[in-house]
Amino acid sequence: MRRLLLDSFEDIHLLKLLFDGVIIVSKDKKILFFNESAEKILGKHLSIGDSCSKFFSICQSCPMNIVEEDRSGVQIYDVMVRTKNEKHVCLSITPLFKGDEFIGVVEVFRDVSNVVSCIVEAERQKAYKEAIFNSIVEAILVLDTQGYVVEHNQIAKRMLCREEEENLTGKYIKELVNLDLEELPPEGERADVYINTPCGKQKASVLLSPMQSGFGYIVSLYVVNEVAVCGFGEEMIITKSSAFQKVIDLARACAEHDVNVLIEGETGTGKSLLAKYIHNLSPRRAGPFVKINCAAIPDHLLEAELFGYMRGAFTGAVRDKPGKVELAEGGTLFLDEIGDMPFHLQAKILHLVQEKEFERLGDTKVRRANVRIISSTNKNLRELIKKGLFREDLYYRLGVVKLQVPPLRERKEDIPPLINHFLEKYSRAYSRKIKGVSSEAMKLLLSYHFPGNVRELENVIERAIITCKGSVINVEDLQLEFQEQVPQKEEDREKIRQVLEQTGWNKSLAAKVLGMHRTTLWRKMKELGL
């Protein structure tokens, strides 16, 4: 059969001249013919009659069996050659027939070791590039010439509040930052611009760099930290609000002076945190910070809690006990919710504030109090004074410095950083791996009125972390008191509309009458459809 097969190739000498290796194999897998290139590529001396199986490393069944069964050729793009030095070849196997009888195959192969090495090196370089790409602390967007994203690093999704999205590829730059290519800083010049993301408006430092050969652009950006963080540990005040930052600046300025401070603001705005912040910056920071909630203690017990008592002063007083004033010796006494202080106790508080003296219940001994007094209230003390429920002289003694903490609805720019803080805090507390909130959930939180202010936001995020089934908080994970929002919005809308009409729609004058910043008024008008 061997002679007959070879005679069938009139130009057999041409096979010997081919650059590719050629081997003709019989049905029983014995070599019938080979050219010189085959020996060079395989790196071995071949002999007629050798078995072909000792040259190629092909997993599973022999391709020759498949060729015989299917009666058609196959091509295998990467076959290992069994030599001292690993070599890769691209192998094609074509069946030979004598009539309808399968009699063998022609194996043609080419050394592709260099190509495979290039592919392996390219994969290695790709892995290196991705590792470096994703280790950069800035968001990187690679854009085509039209401004569409062709590649990005992982931090870009987090910085642009798109963590719930699998990929940003294919998105237009304006969809991500609300800016066109023409609106970005000039090429090669880093500049600060404001970008809009699902987390709200943020200040970002942006650099636009053209790629060589005009293939597109690289945009690198990072969010400029405009958040003021005050406090210690998890007891932190976090704000981007310029109005609140002014309050913090005033608190910092008065902290080093032993003056009485009155902190006013709605429930849940962070008055206690601000009081603790003042104490920690003061010369008394080494002393105790003692808090008493005037609204949480019954009237008949509040005096004893404040000033202490002697044994036998009243039924149940079986021993002497110091009050909060004595416990705060050398430090700060924080009178929380002072607006709920009973009127009959206010004279004693006034004496404590003015003279720094007090007496325990059931005792005649006058004791000195080396304390600094900070008080807070969520009530309008001026209205209480008009109604005869609060002493005017005590009001002015307590409020040598007055701090007005704005509600969360007037500083909604604080919502995203506060959410991030609470996510980190409660993810750690409950051992959950929550990456963030979805863009729809963020929009809902930014539009909510938050009657309970920061405390309500904290509770909402804590509950969502506990009940969230995935790694991202969605709208269905949020529990908000919507029924309270609509009446409040209508009330605010009517109030602002009336003031605007009274001032002839002069926004600057209306803002002064309403006691808010002009930009706050403008934002509220937009929210309320005025």
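Notes on the structure in this doc start here. This structure is a prediction, so every number in the text was calculated from the model and none was measured.

1. Examining the overall build of the chain
Assigned secondary structure in the chain consists of 20 helices and 24 strands. Taken over the C-alpha trace, the chain has a radius of gyration of 40 Å; the compact-globule value for 530 residues is 24 Å, which it surpasses by more than 25%. When the backbone C-alpha atoms are referred to their principal axes, the chain occupies close to 130 × 65 × 40 Å. Counting every position in the chain, which comprises 530 residues, the buried fraction comes to 45%. A separation of at least 24 residues holds for 57% of the contacts in the chain among residues at least 6 apart in sequence. Just so you have it, the chain exposes about 28300 Å², and 51% of that area is on carbon and sulfur atoms. Charged side chains in the chain number 74 positive and 76 negative. The centres of these two groups are separated by 5 Å.

2. Here we look at the pattern of salt bridges
Taken as a whole, this structure holds 23 salt bridges when the rule is applied. Notably, a salt bridge pairs Lys 386 with Glu 383, separated by 3.7 Å at the nearest N-O pair. Linking Lys 386 with Glu 383, this pair stays in helix H13 (residues 381-386), spanning three residues, or about one helical turn. According to the relative accessible area criterion, Glu 383 is partly exposed, its value standing at 36%. The network of salt bridges with common partners includes Glu 326, Arg 360, Asp 363 and Arg 367.

3. Observations regarding the environment of Glu 175
Among the structural elements, Glu 175 can be located in helix H7 (residues 173-177). With relative accessibility at 43%, the residue Glu 175 sits in the partly exposed group. Sequence separation between Glu 175 and Gly 323 is 148 residues, and the spatial gap between their C-alpha atoms is 60 Å.

4. Re the packing of aromatic side chains
Taken as a whole and judged by the stated rule, the model has eight aromatic pairs. Taking the centre distance of 6.0 Å and the plane angle of 70 degrees together, the rings of Phe 97 and Phe 102 count as edge-to-face. In this structure Phe 97 comes out as partly exposed when scored by relative accessible area, which is 33%. Classification of Phe 102 by relative accessible area gives buried; the value is 5%. Here the aromatic rings of Phe 307 and Phe 358 are separated by 6.2 Å at their centres, their planes lie at 25 degrees, and the arrangement is stacked. Remark: Phe 358 occurs in strand E19 (residues 357-358) and Phe 307 occurs in helix H10 (residues 299-307); sequence separation between them is 51 residues. Across this residue pair, the class does not change: Phe 307 and Phe 358 are buried.

5. Observations concerning the pairing of strand E1 (residues 21-26)
Burial within E1 is extensive, with six of its six residues counted as buried. As judged from the six bridges shared by E1 and strand E6 (residues 101-111), these two strands associate in the antiparallel manner. By the bridge assignment for E6, Ile 24 is matched with Val 106. Alignment of E1 against strand E2 (residues 31-34), held across three bridges, turns out to be antiparallel. The residue of E2 that forms the bridge with Val 25 is Ile 31. Following E1, the chain reverses through four residues before pairing antiparallel with E2; Lys 29 in that reversal takes a positive phi of roughly 70 degrees.

Cut-offs used in this document
- Residues numbered from 1 in each chain as written.
- Predicted model: local features only at pLDDT ≥ 70, side-chain atom pairs only at ≥ 80, totals over all residues.
- Heavy atoms only, no water.
- Helix = DSSP H or I, 4+ residues; strand = E, 2+ residues; numbered from the N terminus.
- Rg over C-alpha atoms; globule rule 2.2 N^0.38 Å.
- Buried < 20%, exposed > 50% of the residue type's maximum accessible area, 1.4 Å probe, protein only.
- Contact = heavy atoms within 4.5 Å.
- Areas by Shrake-Rupley, 256 points an atom, 1.4 Å probe, with all protein chains shown as cover.
- Lys, Arg positive; Asp, Glu negative; His and termini not counted.
- Charge placed at Lys NZ, Arg CZ, Asp CG, Glu CD.
- Salt bridge = Lys/Arg side-chain N within 4 Å of Asp/Glu carboxyl O.
- Phe/Tyr/Trp six-rings, centres within 6.5 Å; stacked < 30°, edge-to-face > 60°.
- Pairing = 2+ DSSP bridges.

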